[in-house]
Amino acid sequence: MTAEDPQTSGLHDRARELADIATQLGLPGLGEHILADTSRRLDRAQLRVLVLGEIKQGKSTLINALLGEALLPSGVTPTTGAVVQIVHGEQLGRFLVAPDGARTLLEPEPFAKLARGKQDYVGTLLVTTPSEHLPAGVELVDTPGINDLERFRSLISRGELPRGDAIVLVLDATQVLKLTEVAFLRDALTAVGGTEGTGATLLLALNRIDLVPEAERGTLLDHIHRELSAVLPGAVEVFTTDARGASKAPASDTLGVREVQRLRDRLRALASQSPTVLPTRTRASLQRSVDLLLHHTAVEARALRLESAALQSELKEVREALVQRRLDLDTIESTIAAGRAQIAQTCHDNLGNFRNELQTTVLAQLERSDLRQTADLLPGAIQDALLHFTYHEAERLRLALEQLTRDAIHTCGEQAQRRLAETMLNLGFRGPVVQLQPPSVGVEAGTLAVGVVGTAVMYFGNIVAGLLITVVAPLATMFLRERSIRSLREAARQSVPHALGQSFSELEATLLRAIDSHVAGLREYIVLAHNQLGTHLQALLERAAALGALSTPLAVPGELSAKPGDLPPKSAAPDPRHIALTELRGLEQRLEQLRLELVAPASPSPSPSA
Amino acid sequence: MTSNLDLGRFVQRRQFRSFEQDLARVTYAYGVDVRRFRWLNQSMTAQTFMRALELRWSAVAEELMRGELQVPEGAGTLSFLQEIVRIAELLRVTLPAVRLVTPAARDRWPLVTPLGNARNSDDWLVLDATRLATLPPPQRAFLLAQGLGHIQCGHAGLFMAHYVSHREHRGHAAVRLALRAFSRLAAFSADRAGLLAAGEYAPAAEALVRDSELPPPWYPPLAELGERQRALAEFDHSRVVARVRSSRRFVQDHPSVHELVDQLMHASEPIALPEADAKTTAPPEPPPSPIAAGYEVPADAWPLARCDQRLTVRLGVL
């Protein structure tokens, strides 16, 4: 991989452009992350392997076993309270790396104190090791337990997820796959963009396998594959390790120790594939950044339209939530799950009520005497009535989804509005199809035949027969016509409930898809931005508020006009919020374009200035 | 249960919309075609036979949705739908239900197919979106507008009758023969609608050639390509086309009212008040009228009646 490689330079260009957009949105930190990750992957060819798991699953012990030396503190009490990076180096060293990159060498004791989270510090903990077991292109990252809420959330583990290239999820073989672990795995996969076509790798280390009887190991693996099939389509690589055994007796020939060796080989293989994996990973990571920035633009676009008081109120809410740590993933997810269930239930009830009402009204309409005229128009009118209801329901849904978003992140974007607008456009075309079956051909043909026969007899028969037909034919026609209408009415009575049932079930499915799509988008946003969500939201709202303060205040009638009839003074400068909105639209289009370019890997990037 | 739903209001609205559509279609459609199809769709005699096929249509429609056709889903179809909305506004057509051909059934359907019953209450516009996406925009607009034109002129029942009779093996040859006179006329009005949406003759003629290549076996026998091209070229000289082109150029060259208001609201320099300027400067000149700016309809453009009359004579209809 060289700097001249067009694919690499294209990815660099796009990363720079994304960083530029992030800076324009008032999020320079995000831009720096994007540039740093791209540089790490493409220039330094460093593959970041995150070792994650709940407290006391043996993450640090597994890393020590993989490295063949006890570099990290491990013990019976939770020991890892900070994120520690382990990279290959010429000699063993423990460092505290300041944000500006300056390294401070640490003795083992102070290092252990910081790694256990016993002492606050600014920067990153770094360990360099000459261990032959750690390939030069791999960076192992040890993290606190995902259920050590205080440490995990206050640090950066989940914020790091989108930046990882491979995830080693460490599970305890004696209590495997708890609900929290499955939920965490789902988040991790959302954050890295899934494992298909993104270059991301997921490895499961089933640690402490030595504590599980041999006879039960097969059942255990079947259980894991079955449980994970819903979250992760395709095969999952599982390593049944015994980290403690491998640390104490690395030469022993037990399954757990052999599996540690196999995991080590797998990491080595990953490192050897990095020239092909890392560009793909960079592309996927940039796509996730595009998604995150698009979510941000939607939040800012809405904020720019808010009135000053409403904006200040939301800004206050976000600040308070940030200080009180209410913007954490678990709280938000439970809020979203409860809100989604309630919205879906209300939607179901509303549809059911309207369906009953529409059915009653349609059947009443069928009893009208001018059925033959209205029957032609009635199916269309039913479509119109249902679409009319649907648009009102969509508006209600939009407000409900925006409220749900506000409950979750204390502000919201334009996503609900856009998703429902797309849904409604499709619905408008589809239209509910309520068939009113025309009367049978026999009745129609009978009516016609009596008419034809009557006319023929009138012309060619004798006077008496003609007179008779003249009287009988209209009566017969009237009878047949009435019968025809009765038949139409009966057919309609039978067909309408079925047709309405079908239409409403389709409609409900479509609206539920819109709700789920919004909820999935919201979860994605939270997972992608989790660690920085609060600060990002605050920055976006503050930017909108600052632009609002520069805007010309709205004229109050009677205060600004000195004389009746005078025009209010017109501002010489254009409205900054209007300009910002226009710029935001431009950024959004550019992000959409970048997303397309990142999907098509072959094309080199146009220059940012173009 | 007391109901707040006023279905009668929606019935009335449909009635009014159908009247509006009638008015809109006579501005461009071929008169003989409109009159014949009105008889086919409304007369008791014709409906006696057409309804025999209509009775099968709803069942066929359900079958089609089980594999051959699908509803448009996802953001990828939005651009098509937006294009159809634009053309429907131009032609003042009620939006039909859009169905997309699935990849498995692609070779069995033309690019655009109108289907529906005679009462225009269940109209479908069947699109082969993948192939349509590869066409240049004016050609795509022609084909989409042609489909919408067929629906507006009441031809959906004609296509439905041919499709259902062929699919069900129920007297397709008889249907083809009985409706031959209608099929022969149906293409001209739809081609005209296509030309209005495409804007220029050249892309419309290209799309016409593409459209008439290899129709599926069930397709109604429309007029010959040469005849349709001549009719389209004559309609291209008509006042209707000239007016549509003229208004399109005017819209392109002039900002919309919203843009003007926007410019006024956010003008970088203060706008001078008329009282203050009256002393020092001359009053601003009024904007040039569309006629003065060259957006007029040519004087030698043909009335629609003349296009109709030449076509009628050539076809030997009356």
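Residues numbered from 1 in each chain as written. Chains lettered and ligands numbered in written order. Predicted model: local features only at pLDDT ≥ 70, side-chain atom pairs only at ≥ 80, totals over all residues.

### Brief notes about the overall build of chain B
Here is the rule we go by: Each helix is a run of H or I in the DSSP string that is no shorter than four residues. Each strand is a run of E no shorter than two, and both are numbered from the N terminus. Counting other C-beta atoms within 10 Å of a residue's C-beta gives its exposure: the residue is buried at 20 or more, exposed at 12 or fewer, and partly exposed in between, where C-beta atoms are placed from the backbone. Two residues qualify as a contact pair if the distance between their C-beta atoms, derived from the backbone, is within 7 Å.
Within chain B one finds 15 helices and four strands. Buried residues in chain B amount to 38% of all 318 residues. In chain B, of all internal contacts separated by at least 6 residues, the share reaching a separation of at least 24 is 83%.

### Focus on the overall build of chain A
What chain A contains, in helices and strands, is 18 helices and nine strands. Here chain A, with 610 residues, has 41% of them falling under the buried criterion.

### Observations concerning the confidence of the model for chain A
All names here are of chain A. Going by this rule: The predictor's confidence in any single residue is recorded as pLDDT, a number from 0 to 100.
Within chain A, residue pLDDT values average 79, and 81% of them lie at 70 or more. Within chain A, helix 10 (residues 255-305) carries the highest mean pLDDT (90), whereas helix 5 (residues 149-154) carries the lowest (52). Taken together, the stretch residues 553-571 has pLDDT below 50 and engages in 10 contacts with residues farther than four places along the chain or on a different chain. Under a pLDDT of 50 for its full length, residues 602-610 has, in the predicted model, 11 contacts with residues more than four places off or in other chains.

### Focus on the packing of helix 2 (residues 28-42) of chain A against helix 10 of chain A
All names here are of chain A. In plain terms, the rule: With axes taken as lines fitted to C-alpha atoms, and helix axes fitted only over the stretch in contact, angles between N-to-C directions fall between 0 and 180 degrees. Angle categories: roughly parallel below 35 degrees, roughly antiparallel above 145, roughly perpendicular from 65 to 115, and oblique for all the rest. Ten residues, namely Ala, Val, Leu, Ile, Met, Phe, Trp, Tyr, Cys and Pro, are considered nonpolar, four, namely Asp, Glu, Lys and Arg, are considered charged, and the remaining ones, Gly among them, are considered polar.
Two numbers describe how helix 2 lies on helix 10: the axes approach to 9 Å, and their chain directions differ by 170 degrees. The angle between helix 2 and helix 10 falls in the class roughly antiparallel. Contacts between helix 2 and helix 10 involve Ile34, Asp37, Thr38, Arg41 and Leu42 from the former and Leu278, Pro279, Arg281, Thr282, Ser285 and Ser289 from the latter. Class assignment of the residues belonging to the contact of helix 2 with helix 10 gives a composition of four nonpolar, four polar and three charged.

### What to know about the domain arrangement of chain B
Residues and elements named next belong to chain B. Spelled out, the test is: An automatic or database domain assignment supplies the residue ranges for each domain.
Taken as a whole, chain B is organised into domain 1 (14-238) and domain 2 (239-268 + 288-301). The C-alpha centroid of domain 2 is placed 31 Å from the C-alpha centroid of domain 1. In this complex, domain 1 contributes nine residues to the contact, which on the side of domain 2 involves eight residues. Only helix 9 (180-198) and helix 11 (225-236) provide two or more residues apiece to the side of domain 1 that touches domain 2. In terms of residue class, the side of domain 1 that touches domain 2 is built from four nonpolar, four polar and one charged.

### Re the nonpolar core
Residue and element names in this part refer to chain A. Counted only if it meets this: The nonpolar core is taken to be a set of buried Ala, Val, Leu, Ile, Met, Phe, Trp, Tyr and Cys residues joined by way of C-beta atoms within 7 Å.
Counting residues in hydrophobic clusters, the biggest one holds 119 residues, and the most contacted among them are Leu18, Val49 and Val51. Considering every element that reaches this core, the biggest residue donor is helix 10, with 17 residues. In this view, Val49 contacts Val138, Glu139, Leu140, Val141, Asp165, Ala166, Val168 and Leu267; residues no more than four positions away in its chain are not counted.

### Remarks on the sheet that holds strand 5 (residues 124-129) of chain A
Residue and element names in this part refer to chain A. Applicable threshold: Whether two strands pair comes down to DSSP finding at least two bridges between them.
Read across the open sheet, the nine strands follow the order 4-3-5-2-6-1-7-8-9; overall the sheet is mixed. With one partner strand each, in any of the chains shown, strand 4 (103-105) and strand 9 (237-239) form the two edges of the open sheet. The mean inter-strand angle of the sheet, taken between neighbouring strand axes irrespective of direction, is 25 degrees. The pairing of strand 7 (residues 166-172) with strand 8 (residues 201-207) spans seven bridges and is classified as parallel.

### Things to note about unusual backbone geometry
Residues and elements named next belong to chain A. Unusually for a residue other than glycine, Ala45 sits at a positive phi of about 50 degrees. Mapped onto the elements, Ala45 comes out in the loop between helix 2 and strand 1 (47-53). Its 15 C-beta neighbours within 10 Å are what place Ala45 among the partly exposed residues. One non-glycine residue, Arg208, lies in the positive phi region at around 60 degrees. Structurally, the position occupied by Arg208 is in the loop between strand 8 and helix 8 (214-228). Given 23 C-beta atoms within 10 Å, Arg208 falls into the buried group.

### What to know about the sheet that holds strand 2 (residues 97-101) of chain B
Residues and elements named next belong to chain B. The mixed open sheet is built from four strands, whose spatial order is 1-2-4-3. Strands with a single pairing partner mark the edges of an open sheet, and in this sheet they are strand 1 (69-70) and strand 3 (112-115). Relative to strand 4 (residues 124-127), strand 3 runs antiparallel, the two being bridged by four bridges. Residue Thr113 lies in a different strand from strand 4, and its bridge partner there is Val126.

### A closer look at helix 3 (residues 44-64) of chain B
Each turn of an α-helix holds 3.6 residues, which means side chains three or four residues apart point in the same direction. All names here are of chain B. Test applied: What a helix should span is 1.5 Å times the count of its residues minus one. Two axes enter the definition of the bend at a residue: one is fitted to the seven residues ending there, the other to the seven starting there, and the bend is the angle between them.
Spanning 21 residues, helix 3 covers 29 Å between terminal C-alpha atoms, matching the ideal 30 Å at 1.5 Å per step. In the structure, helix 3 departs most strongly from a straight axis at Met50, where the bend amounts to approximately 35 degrees. Taken residue by residue, helix 3 has Gln47, Met50, Arg51, Ala52, Leu53, Glu54, Trp57, Ala61 and Leu64 as its buried positions.

### Examining the pairing of strand 7 of chain A
All names here are of chain A. What counts here: Classification remark: right-handed applies to a crossover when, strands pointing away from the viewer, the course from the first strand over the helix to the second runs clockwise.
Where burial is concerned, most of strand 7 is hidden: seven out of the seven residues are buried. Two strands pair when backbone bridges link them, and strand 1 and strand 7 are joined in this way by five bridges, in the parallel orientation. Note that in strand 7 the partner of Leu50 across the bridge is Ile167. This β-α-β element, strand 7 to helix 7 (residues 179-192) to strand 8, shows right-handed connectivity.

### A few points about helix 3 (residues 59-67) of chain A
The buried fraction of helix 3 of chain A is high, at nine of nine residues. Phi for A:Gly68, located one or two positions after helix 3 of chain A, is positive at around 80 degrees.

### Re the packing of helix 10 of chain A against helix 18 (residues 576-599) of chain A
Each pair of packed helices can be summarised by the angle the axes make with each other and by the distance between the axes. Residue and element names in this part refer to chain A. The cut-off we apply is this: Take the far helix as your reference; a near helix turned counterclockwise from it by less than a right angle gives a left-handed crossing, and one turned clockwise gives a right-handed crossing.
The interhelical angle for the contact between helix 10 and helix 18, taken along N-to-C directions, is 160 degrees, at an axis separation of 10 Å. In terms of orientation, helix 10 lies roughly antiparallel with respect to helix 18. Relative to helix 18, the crossing made by helix 10 is left-handed. Residues Arg283, Leu286, Gln287, Val290, Leu293, Leu294, Thr297, Glu300, Ala301 and Leu304 of helix 10 form the contact with helix 18, whose own contacting residues are Arg577, Ala580, Leu581, Leu584, Leu587, Glu588, Leu591, Leu594, Arg595 and Leu598.

### Focus on the pairing of strand 4 of chain B
All names here are of chain B. Of the two faces of strand 4, the one lined by Trp124 and Val126 and the one lined by Leu125 and Leu127 are each fully buried. One ladder, built from four bridges, connects strand 2 with strand 4; its direction is parallel. Each residue of the ladder has a partner; that of Val98, found in strand 4, is Leu125.

### A few points about the environment of A:Glu132
Structurally, the position occupied by A:Glu132 is in the loop between strand 5 and strand 6 (138-142). Along the chain, A:Glu132 and A:Thr61 lie 71 residues apart, while their C-alpha atoms are 18 Å from each other.

### A few points about the environment of A:Arg41
Its location among the elements puts A:Arg41 in helix 2. Put simply, A:Arg41 and A:Ala230 are 189 residues apart on the chain and 31 Å apart in space, counted from C-alpha to C-alpha.

### Some thoughts on the confidence of the model for chain B
Residues and elements named next belong to chain B. In the predicted model, chain B carries a mean pLDDT of 83, and the fraction of residues at 70 or more is 86%. Taken together, the stretch residues 268-281 has pLDDT below 50 and engages in eight contacts with residues farther than four places along the chain or on a different chain. Across the whole predicted complex the pTM is 0.72, and at the interface the ipTM reaches 0.70.

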